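Take a look at the letters that make up each chain.
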Amino acid sequence: MEMISIGLLGLGTVGTGVVKIIENHQDKLMHQVGCPVQIKKVLVKDINKQRAVDINVNLLTTDAEEIINDADIDVVIEVMGGVEETRDYLLKALRNRKHVVTANKDLMALYGSELLTTASENGCDLFYEASVAGGIPILRSLVDGLASDRITKMMGIVNGTTNFILTKMSKQGSAYEEVLKEAQQLGYAEADPTSDVEGLDAARKMAILSTLGFSMKIDLDDVKVKGITSITEEDLGYGKKLGYTMKLIGIAHREGEKVEVSVQPTLLSESHPLASVNDEYNAVYVYGEAVGETMFYGPGAGSLPTATAIVSDLVGVMKNMRLGVNGKSAVTPQYEKILKEPSEIYSKYFLRLHVKDEVGVFATITSIFSEHHVSFEKILQLPVKEKGLAEIVLVTHQAALQDYEDILVKLRDLQAVKEIKSSYRVEGSSK
Ligand SMILES: NC(=O)C1=CN([C@@H]2O[C@H](COP(=O)(O)OP(=O)(O)OC[C@H]3O[C@@H](n4cnc5c(N)ncnc54)[C@H](OP(=O)(O)O)[C@@H]3O)[C@@H](O)[C@H]2O)C=CC1
Ligand SMILES: N[C@@H](CC=O)C(=O)O
Ligand code: NA
């Protein structure tokens, strides 16, 4: 190989990082793959836009076909985002026998298997390390490092934006809207940050992680999702008092043949290893039957960390080119997907209710839990400002999701219950 030519789709937060790393680490790339790497064309929306990196304006184009159909381009790096249009571009690029590296979890969670099949049919690599947990090499760790093991649990903070928001809200008392803006300015958030704060971005990543970790095709619809938008200062305050930290947690758990995958705000005991993962940092805890507990930590979003994963994937493609083994590394899922029923999913829960401050209400509420054999780790009744009301805050012991949901339905039907203020999953014990 005399030279590797890259077509870059997108020159925003991640794209500019890719350009910088390819320029600044040219020596290292040469040493590893034995030839120079050049960026031949860059797709953008607006050619006249000011860029955060020095780039020859003649490389910029608004026509994707100039990259996809350029016979001299060996690898397409996709960092433009989007789904349908991007899928078309990448399918065409693969059919034109270009290797693809992408950071796009939206696309991989929906069309990953189609794109991977097309890649291997055309003898091409399709790598997507940057799509999950930014700069942490988690996908390679699952696929290569832990290839011999049977993974049964993965638990992670996989969205940098929401971790940044929750950290600033809990530690500095910052307002949600203000911190979200800051996360957008720092380049952590998606173009539409709804997918971050509603948990969808994390759900896409958990679908990708569990598909690889469990070797089972987990679709986005299989992931139960709840985001962070309804978390209040009061919830964070109660969490702290009870010795918990609020985090948006993705959980993928396999027991026997069955799996559960979810993303939801979770109160973690302060001693939990994920509780000290702050700001835009991500971490993924992985349990394998043979290896036991492992933990992967690092920056989950941002220009250079994400670009590091991209350029490392590029090195992987180039090494395969030298060996002549492109398109041979993807493994199709080994197992049929079987999802757990709600009666098979166990957790502890935090619940905060406003109830009428009357004799017997407390007893009625606790009796509903007893009917479902759910007991309490902690239960408190506190006065609230509004006259005639009391606040009940409780943490359950382990309960089946089905029981917990049935309890919530019964509580909502009780006249004495004015409002269910909040409910969260809990990991670990309270103070
Ligand atoms: N930001 C991060 O920390 C991380 C992002 N990702 C993923 O990486 C991808 C890129 O993210 P990010 O860099 O933040 O996004 P940005 O919005 O910063 O950049 C997107 C780039 O793509 C170009 N672009 C977008 N749509 C089109 C289009 N239809 N035609 C031509 N050009 C287009 C834009 O052009 P122009 O500049 O002219 O507007 C821009 O240069 C996304 O898939 C994201 O989910 C993954 C991990 C971390
Ligand atoms: N918006 C995402 C970017 C990386 O995937 C995040 O905040 O984690
Ligand atoms: Na990664």
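Residues numbered from 1 in each chain as written. Chains lettered and ligands numbered in written order. Predicted model: local features only at pLDDT ≥ 70, side-chain atom pairs only at ≥ 80, totals over all residues. Heavy atoms only, no water.

Under an unreviewed UniProt entry, the name given to the protein is Homoserine dehydrogenase, and the organism recorded is Robertmurraya mangrovi. Comment text from UniProt for the protein, heading Cofactor (unreviewed entry), reads "a metal cation". (UniProt positions renumbered as here; feature names shortened; annotations may be inferred.)

A. Quick look at the overall build of the protein. Looking only at helices and strands, one finds 14 helices and 17 strands in the protein. Against the globule reference of 22 Å for 431 residues, the protein gives a C-alpha radius of gyration of 24 Å, in line with a compact fold. Counting only C-alpha atoms, the protein reaches 85 × 45 × 35 Å along its principal axes. A buried classification covers 56% of the 431 residues belonging to the protein. Across the protein, contacts joining residues at least 24 apart in sequence account for 74% of those joining residues at least 6 apart. With the model as given, the accessible surface of the protein reaches about 19,200 Å², and the carbon-plus-sulfur share is 49%. (Helix = DSSP H or I, 4+ residues; strand = E, 2+ residues; numbered from the N terminus. Rg over C-alpha atoms; globule rule 2.2 N^0.38 Å. Buried < 20%, exposed > 50% of the residue type's maximum accessible area, 1.4 Å probe, protein only. Contact = heavy atoms within 4.5 Å. Areas by Shrake-Rupley, 256 points an atom, 1.4 Å probe, with all protein chains shown as cover.)

B. Main features of the site of ligand 1. By nearness alone, 24 residues border ligand 1, and Leu11, Lys49, Arg51, Glu190 and Gly302 come closest of all. Backbone polar atom of Val14 to an oxygen atom of ligand 1: 2.8 Å apart, as the coordinates give it. Separating a nitrogen atom of ligand 1 from a backbone N or O atom of Gly187 is a distance of 2.9 Å. Protein coverage of the free-state accessible area of ligand 1, which is 900 Å², stands at 85%. Taken together, the residues of the shell around ligand 1 break down into nine nonpolar, eight polar and seven charged. (Near = heavy atom within 4 Å. Polar contact = N/O pair within 3.5 Å; in protein donor to acceptor, adjacent residues only side chain to side chain. Nonpolar A, V, L, I, M, F, W, Y, C, P; charged D, E, K, R; others polar.)

C. Structural context of the coordination of the sodium ion (ligand 3). Within the first shell, the sodium ion (ligand 3) binds the protein through Glu129 (O), Glu129 (OE), Val132 (O), Gly134 (O) and Ile136 (O), at distances of 2.3 to 2.7 Å. Sequence spacing of the donors to the sodium ion (ligand 3): E-x2-V-x1-G-x1-I. What makes Gly134 buried here is its relative accessible area of 2%. (Donors = N, O, S within 2.8 Å, 3.2 Å for Na, K, Ca; no water.)

D. Geometry of the domain arrangement of the protein. Once the domains are mapped, the protein shows domain 1 (4-132 + 303-323), domain 2 (138-299) and domain 3 (342-427). Distance between the C-alpha centres of domain 2 and domain 3: 26 Å. Residue-level contacts link 23 residues of domain 2 with 18 residues of domain 3. When the two sides are added together, the surface that domain 2 and domain 3 hide from each other amounts to roughly 1,700 Å², 55% of it contributed by carbon and sulfur. Interface area lost by domain 2 to domain 3 is led by Tyr238, Leu242 and Leu267, which between them contribute 32%. Seen at the junction of domain 2 and domain 3, the total is two salt bridges. (Domains from an automatic or database assignment. Buried area = accessible area lost by both parts, 1.4 Å probe. Salt bridge = Lys/Arg side-chain N within 4 Å of Asp/Glu carboxyl O.)

E. Structural context of the site of ligand 2. Around ligand 2 lies a shell formed by Lys105, Asn159, Gly160, Thr161, Tyr188, Ala189, Glu190, Asp196, Asp201, Lys205, Gly300 and Ala301. Take Thr161: an N or O atom from its side chain is 2.6 Å from an oxygen atom of ligand 2. Contact between ligand 2 and Glu190: a nitrogen atom at 2.7 Å from a side-chain N or O atom of the residue. Protein contact buries 93% of the 250 Å² of open area that ligand 2 shows by itself. Tallied by class, residues from the shell around ligand 2 come to three nonpolar, four polar and five charged.

F. Structural detail: the pairing of strand β9 (residues 244-255). The buried count for β9 comes to ten of twelve residues, which makes it a mostly enclosed element. Pairing geometry for strand β7 (residues 151-157) and β9, over four bridges, is antiparallel. Paired with Gly156 across the strands is Gly250, a residue of β9. Where β9 and strand β10 (residues 258-269) come together, twelve bridges link them in antiparallel fashion. Bridge assignment links Thr245 to a residue of β10, and that residue is Leu268. (Pairing = 2+ DSSP bridges.)

G. Examining the packing of aromatic side chains more closely. Following the criterion strictly, the structure yields five aromatic pairs and no others. A ring pair is formed by Phe350 and Tyr424, whose centres lie 6.0 Å apart and whose planes are at 35 degrees; its orientation type is tilted. Of this pair, Phe350 sits in strand β13 (residues 346-356) while Tyr424 sits in strand β17 (residues 417-427), and the two are 74 residues apart along the sequence. Note on accessibility: Phe350 and Tyr424 belong to one class, buried. Against the face of Tyr111 rests Arg87, its NZ or CZ located 4.2 Å from the ring centre. Between the NZ or CZ atom of Lys241 and the centre of the ring of Tyr238, over which it lies, the distance is 5.2 Å. (Phe/Tyr/Trp six-rings, centres within 6.5 Å; stacked < 30°, edge-to-face > 60°. Lys NZ or Arg CZ within 6 Å of the ring centre and 35° of its normal.)

H. Fine view of the pairing of β13. Among the eleven residues in β13, nine count as buried, and that is most of the element. One ladder, built from two bridges, connects β13 with strand β16 (residues 399-400); its direction is antiparallel. Looking across to β16, one finds that Ser347 is bridged to Ala399. Where β13 meets β17, eight bridges bridge the pair, whose relative direction is antiparallel.

I. How the structure looks around the nonpolar core. By size, the foremost hydrophobic cluster in this structure holds 76 residues, and its most contacted members are Leu115, Ile138, Leu209, Val286 and Phe350. In contact with Leu209, other than residues within four places in its own chain, are Val132, Ile138, Leu139, Leu142, Met154, Val158 and Val284. If you look at the next biggest cluster of nonpolar residues, it comprises 34 residues, including Cys35, Val53, Ala103 and Leu314. (Core = buried A, V, L, I, M, F, W, Y, C linked by side-chain atoms within 4.5 Å.)

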